[in-house]
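Structural description and commentary
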Amino acid sequence: MRPTALDWSVDNCTVARAMEILGEKWTLVVLREVFSGVRRFDDMRVRTGIPRQVLTNRLAGLVEQGVLRREPYQEPGSRIRHEYRLTTKGFDLWPVLVAVLAWGDRYLADPEGSPLTVGHRDCGAEVRVELHCTAGHPVTDPRDLIPRPGPGAHPR
């Protein structure tokens, strides 16, 4: 049986476009750090072990894409430096990071568990990502999803 997905083009796919920005390993690690409150270059480099040039490139790319913005700061007696802050576009990636964290916890965590959890500030309960259709129904089984052409799809 031929999949119906072959009936439309994915040449302008937003998943592929998003992965051009997010698809490199260190990019999500940088975002994890910024979401965790680590915003300064040297702190990120020491904490993650990301090579200096790779970190420079990832931060520049995320700024260029509008995911992060540079904010100047100056320690007494030092030159002006920049820290990296999330933009609205960056904050919108939070559910993606929580979903990747949950997947990693489920399949890749050490026996003692994950070194990172995400809690709700108001009540302290652990946060997780859940799917719901626009009618409000929870979607718990991937087999209940149907990929279909969107408004930007072009027939093949």
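For the structure, see preceding data.
First, a word on scope: everything that follows refers to the structure included in this document. (Residues numbered from 1 in each chain as written. Predicted model: local features only at pLDDT ≥ 70, side-chain atom pairs only at ≥ 80, totals over all residues. Heavy atoms only, no water.)

Another aspect to go through is helix H4 (residues 52-64). Counted at 1.5 Å a residue, the expected span for H4 with its 13 residues is 18 Å, and the 18 Å between its end C-alpha atoms agrees. Every buried residue of H4 is accounted for by Leu55, Leu59 and Leu62. Relative to the axis of H4, the buried residues are bounded by an arc of 65° and lie together on one face. Across H4 from its buried face, at more than 90 degrees, point the exposed residues Gln53 and Glu64. Its buried side turned inward, H4 meets helix H1 (14-22), helix H2 (25-35), helix H3 (41-48), strand E2 (68-74) and strand E3 (80-86). Glycine 66 sits one or two residues past H4 and shows a positive phi near 80°. (Helix = DSSP H or I, 4+ residues; strand = E, 2+ residues; numbered from the N terminus. Expected span 1.5 Å × (residues − 1). Buried < 20%, exposed > 50% of the residue type's maximum accessible area, 1.4 Å probe, protein only. Arc of directions from axis to C-beta. Contact = heavy atoms within 4.5 Å.)

On to the nonpolar core. Counting 20 residues, the largest nonpolar core has Val30, Leu31, Met44, Leu55, Leu59 and Leu68 as the members making the most contacts within it. For this core, the secondary-structure elements that each account for two or more residues are H2, H3, H4 and E3. Take this core: its biggest share by element is six residues, from H2. If we skip the residues at most four places from it in the chain, leucine 31 touches Leu22, Leu62, Val67, Leu68, Leu86, Leu93 and Leu97. (Core = buried A, V, L, I, M, F, W, Y, C linked by side-chain atoms within 4.5 Å.)

Another point: the side chain of glutamate 83. Within the secondary structure, glutamate 83 sits in strand E3. Classification of glutamate 83 by relative accessible area gives buried; the value is 11%. At 2.7 Å, the side chain of glutamate 83 forms a polar contact with the side chain of arginine 85. In this structure, glutamate 83 is in contact with Arg39, Arg40, Arg69, Arg70, Glu71 and Tyr73, ignoring residues within four places of it in sequence. (Polar contact = N/O pair within 3.5 Å; in protein donor to acceptor, adjacent residues only side chain to side chain.)

The next point concerns H2. For H2, the tally of buried residues reaches eight of 11 residues, placing the bulk of the element in the interior. Of all the residues in H2, the buried ones are Trp26, Thr27, Val29, Val30, Leu31, Glu33, Val34 and Phe35. Near the N-terminus of H2, the side chain that reaches the backbone nitrogen of tryptophan 26, with its oxygen 2.8 Å away, is that of glutamate 24. Phi for glycine 37, located one or two positions after H2, is positive at around 100°.

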